[in-house]
Amino acid sequence: MFFADVLFPKMCLGCGYLGVYICPKCLKKLKPVEKDICPHCERPSFFGLTHPACQKTGRLDGLVSIFYYDDFLKKIIKSIKYRLATEVWHDFCRIIEPESLYKISRYRALSMKFFLQPVPLHSHRLRERGFNQAQLIARFFHSYTNYPLSDFLKRTKVTTAQAQLKTGQKRYHNISGVFAVTTPVRGKKIILIDDVATTGATLKEAARVLKRAGAKSVYALVMAKG
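Since we're looking at a predicted model, the values are computed, not measured. (Residues numbered from 1 in each chain as written. Predicted model: local features only at pLDDT ≥ 70, side-chain atom pairs only at ≥ 80, totals over all residues. Heavy atoms only, no water.)

Asks: It is not clear to me how the sheet that holds strand S6 (residues 217-225) should be interpreted in this structure. Could you clarify?
Replies: Through backbone hydrogen bonds, the strands of a sheet pair up, either in parallel or in antiparallel fashion. Strand order in the open sheet formed by four strands is S1-S6-S5-S2, with parallel pairing between adjacent strands. Sheet topology places strand S1 (62-68) and strand S2 (114-118) at the edges, where each strand pairs with a single neighbour. Taking each pair of neighbouring strands and ignoring which way they run, the sheet shows an average axis angle of 25°. Both S2 and strand S5 (residues 189-197) contribute to a ladder of five bridges, which runs parallel. Directly across from Phe-114, in S5, lies its bridge partner Lys-189. (Pairing = 2+ DSSP bridges. Helix = DSSP H or I, 4+ residues; strand = E, 2+ residues; numbered from the N terminus. Axes fitted to C-alpha atoms, helices over the stretch in contact; angles between N-to-C directions.)

Asks: Would you take a moment to explain the side chain of Asp-195 for this structure?
Replies: Mapped onto the elements, Asp-195 comes out in strand S5. Accessibility expressed as a relative area gives 4% for Asp-195, which makes it buried. For Asp-195, the residues in contact, after removing those within four places along its chain, are Ile-77, Lys-81, Gln-133, Ile-137, Val-222, Met-223 and Ala-224. (Buried < 20%, exposed > 50% of the residue type's maximum accessible area, 1.4 Å probe, protein only. Contact = heavy atoms within 4.5 Å.)

Asks: In this structure, what is going on with the pattern of salt bridges? I would like to understand it.
Replies: Any two side chains of opposite charge can pair if their charged atoms end up close together. With the rule as written, the count across this model stands at three salt bridges. Where Asp-61 meets Lys-211, a salt bridge forms, and the shortest distance between an N and an O atom there is 2.9 Å. Taken as a pair, Asp-61 in the loop between helix H2 (24-27) and S1 and Lys-211 in helix H9 (residues 201-212) lie far apart in primary sequence, 150 residues in all. In this structure Asp-61 comes out as buried when scored by relative accessible area, which is 11%. Glu-205 is the salt-bridge partner of Arg-208, the closest N and O atoms lying 2.7 Å from each other. (Salt bridge = Lys/Arg side-chain N within 4 Å of Asp/Glu carboxyl O.)

Asks: What exactly am I supposed to notice about the pairing of S1 here?
Replies: Every regular strand shows the same layout, with side chains that alternate between the two sheet faces. The buried fraction of S1 amounts to six of the seven residues, a majority that puts the element mostly inside the structure. Where S1 and S6 come together, six bridges link them in parallel fashion. Directly across from Ser-65, in S6, lies its bridge partner Val-222.

Asks: Please clarify how the packing of helix H3 (residues 71-82) against helix H4 (residues 86-95) should be interpreted in this entry.
Replies: How two helices sit against one another is set out by the angle between their axes and by the gap between those axes. Interaxial distance between H3 and H4 falls to 7 Å at its minimum, and their mutual angle equals 135°. Classified by the angle between their axes, H3 and H4 sit oblique to one another. Residue-level inspection shows Ile-76, Ser-79 and Ile-80 of H3 in contact with H4, the latter providing Val-88, Trp-89 and Phe-92. The class makeup of the residues in the contact of H3 with H4 is five nonpolar, one polar and no charged. (Parallel < 35°, antiparallel > 145°, perpendicular 65-115°, else oblique. Nonpolar A, V, L, I, M, F, W, Y, C, P; charged D, E, K, R; others polar.)

Asks: Can you walk me through H3 in this structure?
Replies: In an α-helix, one turn spans 3.6 residues, which is why side chains three or four residues apart end up on the same side. If you check H3, its first and last C-alpha atoms are 16 Å apart, about what twelve residues at 1.5 Å a residue would give, namely 16 Å. Among all positions of H3, only Phe-72, Leu-73, Ile-76, Ile-77, Ser-79, Ile-80 and Lys-81 are buried. (Expected span 1.5 Å × (residues − 1).)

Asks: Even after reading the chapter, I still don't get the packing of H4 against helix H7 (residues 133-145), so can you show me in this structure?
Replies: Direction vectors running N to C along H4 and H7 enclose 20°, while the axes themselves pass 11 Å from each other. The angle between H4 and H7 falls in the class roughly parallel. As H4 packs across H7, the resulting crossing turns out to be right-handed. In this structure, H4 contributes Thr-86, Trp-89 and Cys-93 to the contact, and H7 contributes Leu-136, Ile-137 and Phe-140. (Left-handed = near helix turned anticlockwise from the far one by under 90°.)

Asks: Please explain H7 as it appears in this structure.
Replies: When the terminal C-alpha atoms of H7 are compared, their 19 Å separation across 13 residues agrees well with the 18 Å that a helix rising 1.5 Å per residue should span. Regarding H7, its N-cap is Asn-132, as a side-chain oxygen of that residue lies 3.0 Å from the backbone nitrogen of Ala-134 further along. Directly after H7, the chain includes Asn-146, whose backbone phi takes a positive value near 65°. (Polar contact = N/O pair within 3.5 Å; in protein donor to acceptor, adjacent residues only side chain to side chain.)

Asks: Explanation requested: the pairing of S5 in the structure shown.
Replies: In terms of burial, S5 is largely enclosed, as eight of its nine residues are buried. Pairing of S5 with S6, which is carried by eight bridges, proceeds in the parallel orientation. Paired with Ile-190 across the bridge in S6 is Val-218. At this point the chain moves from S5, through H9, to the parallel S6, and the crossover so formed is right-handed. (Right-handed = clockwise from strand over helix to strand, strands pointing away.)

The structure is reproduced here in structure tokens:
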């Protein structure tokens, strides 16, 4: 047994079972999102596509969420983001059931030429944390889709964490103008990747910037719906 395992033993985030961060029993508690909604009007929509009536210049073309952001998944994601526990994510990837990810394959019906774009962290935040959780998730989705990972975006200023802001208006103003395109995206089809979508403000702002730079279409794929 490693010394670190004695000082910081692995315990299931759901039930405290020793040896793993996510035990198979608690994994079954995760609730897949069965019916996606339009990211703009929030009414039901097949595959989370933006309704034609909601589609305007610069808007996100669709949003797909894998799981609901319940208490257990919240512990998993917060452990990854704030405790620097990338091992939690690796445990999650090892035991997640492929059936839970069936919706990812639907993108292939839309196009085989997507790029996966993790929502970027600011360089200061990235140095503090040591990794970008959205990039970890993008790599995981890449293993199912074979879509190339991209680095089209950068975050230009440090902002308050969206989770700390309670209203959609505050989240919108907080994230406005924080992204810039780093390489040409004209004509490209892009899937934004992030951990959680609550109001979708971050994803919508990233989509606006990408489309303004000439991206043909921008969708979003997230692990959890808040």
